[in-house]
Amino acid sequence: MIRSSALYVSLIISIFIALVCGSILLAGFVYKMQESKIKRGEMLLRNAASASVLVMQDSIAYGSVKHIKLFDDQNETGDSVTIEKRQWGLYELGLVVSFKNTDSVKRAFLIGSSLKDSAMALYIADEDRPLSISGKSRIQGVAYLPKSGIKSAYVESSYYEGKQLVFGRTGESSRELPLPDTNMINGFKDLLSASNYPREEDLPESLSYSFFLPVKRIHLPINQPLISNKRISGNIIISSDSLIQVESSSKLDKVILVAPYVKISSGFKGSLQVIASDSISIGPSVQLTYPSALVLIKPDTAGFQPKISIGKNSVLRGQAFAWEKQRSQMMPIIEIGHGAIIKGEIWSKGYVQLGKSSLINGSVSAIHLMANISSIKYENYLIDAIINRDGLSKYYTGSKLFNSAHKPGSILWHLH
Amino acid sequence: MASALKSKKIRSSMMIETLVALVILMIAFSFGIVIFMKVTTSGVSGKRMHATNRCKFLADSLIQVAERKDILLFQDGITYKVTFKPDPKTPEILIMNVVAEEKNGEQITKIQQLIQDHEKPKD
């Protein structure tokens, strides 16, 4: 006897339908999950971009971590971000984290400033003396000169070879240089004087440190000033009470060196910021890649002449800055070696000495220019050196130090 | 063959058995339809994805240009509204809203981002 068993057949069909429905449901759920994950990721990225705009505002103070809701929309969820701003040498460091539940997007970047005067090539303080130009020198861009102006000069058997004295507009300078951002200068002073930081003495062979962590400060012992065969990058300040010497075998990236005297040996290549109180010596054929900076802060009570010297055929992409608070007889000096190339800004509350065939693609601001030919020093002379503002990349972003209260900052460099 | 069939008795299903089977099948099918409808309506929607992508494109493009003007666009039956308003906490920053809406005003997607006021790209 054969039973038709409709109940069994219908149960089997039902189970089959349930399996198909379950599969559709699962597929739909997976798609939905994936879609919401992508959507959340995009929203977090967009919120991180919004937070980046916020952190670049001047109103955000250094050091404090702010937890904020981006939009006041009550229905909006997941718009929470934390923002933090710190001074990182000559630049500002922006840190943003956007998050929702356990998902987060982090961004760390250096903040630069658009240039206040995008055409300035030269600013020489007015000391009632004209600027003399000779040989194969060339000034391309806007030049702010003393009231007594600029004249061609005959030096070392050569006349000025140019057809005009300045290839650009000229303006009158004042007795003082435009004042840089004093808060940043105070930040440099704090770095130079800080001795009570939690710090380590061991410098490992290789070290990379995230900017989302507190600053790692390594203080070199006086008897071990050499940085040789090291690979160091990130959120690290290396300091010393006397000297730091960096060998060409080392690879440094985005680190800050703080010491009275810093020496970079010939052939070194890397991106770093140097903050010194006595002198900075850059050897021949050194390449300091963008964004690098050399900062010299003369102590208020110092009775010596602090100096930044950039060796022959070296390249600096960034800024060189020399500062003293009160004008003294021993003004700081920035010496640019023969054939050296600076792509950026030079600012000295003292002298800037440009060597033969040196090329400044950017701007020079100083109390006096100086030239040293055959051991004779010529004050307020430009001899066989080129200052070419047009040679500076249109994408170059400067420091807030020279461009404060101008425009909100912009992202200069994304960090890891 | 005919003799073989004649020798066997074929019993039909009982009325109650058929009814129960019908009920089970109906429940199974109705669940199936509900789930299918739910997945197709609330899952990945081509229209929504399209609208979202266009909103993203609009937002990213408008960040790059200096002009900060409200915009109203119609495309494929979807209305795209772009508005800029100053952030109440930081007036030098603008809140950019990009909203995609159906014809009946129902919101499909929305993008919000803070941007710099009068931010001009470098030339």
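Residues numbered from 1 in each chain as written. Chains lettered and ligands numbered in written order. Predicted model: local features only at pLDDT ≥ 70, side-chain atom pairs only at ≥ 80, totals over all residues.

Chemist: Help me understand the overall build of chain A in this model?
Modeler: Helix and strand counts for chain A stand at three helices and 29 strands. Principal-axis analysis of the C-alpha atoms gives chain A an extent of 130 × 50 × 40 Å. The buried share of chain A, taken over its 416 residues, is 44%. Within chain A, residue pairs in contact and separated by at least 24 positions form 51% of the contacts whose partners lie at least 6 positions apart. (Helix = DSSP H or I, 4+ residues; strand = E, 2+ residues; numbered from the N terminus. Buried ≥ 20, exposed ≤ 12 C-beta atoms within 10 Å, placed from the backbone. Contact = placed C-beta atoms within 7 Å.)

Chemist: Where do I start with the domain arrangement of chain A in this structure?
Modeler: Residues and elements named next belong to chain A. Here chain A is described as being made up of domain 1 (8–112) and domain 2 (120–396). For domain 1 and domain 2, the distance between their C-alpha centroids amounts to 43 Å. Across the boundary between the two partners, domain 1 contributes nine residues, which contact twelve residues of domain 2. Looking at the side of domain 1 that touches domain 2, the elements with two or more residues in it are β4 (91–100) and β5 (103–112). Of the residues assigned to the side of domain 1 that touches domain 2, the class counts are six nonpolar, two polar and one charged. (Domains from an automatic or database assignment. Nonpolar A, V, L, I, M, F, W, Y, C, P; charged D, E, K, R; others polar.)

Chemist: Help me out: how do you make sense of the pairing of strand β7 (residues 131–134) of chain A in this one?
Modeler: Where a strand is regular, its side chains alternate between the two sheet faces. Residue and element names in this part refer to chain A. Because side chains alternate across β7, one face comprises the buried residues Leu131 and Ile133, and the other comprises Ser132 and Ser134, equally buried. Note: β7 against strand β10 (residues 150–152), three bridges, orientation parallel. By the bridge assignment for β10, Leu131 is matched with Ile150. Relative to strand β27 (residues 381–383), β7 runs parallel, the two being bridged by three bridges. Bridged to Ser134 within β27 is Ile383. (Pairing = 2+ DSSP bridges.)

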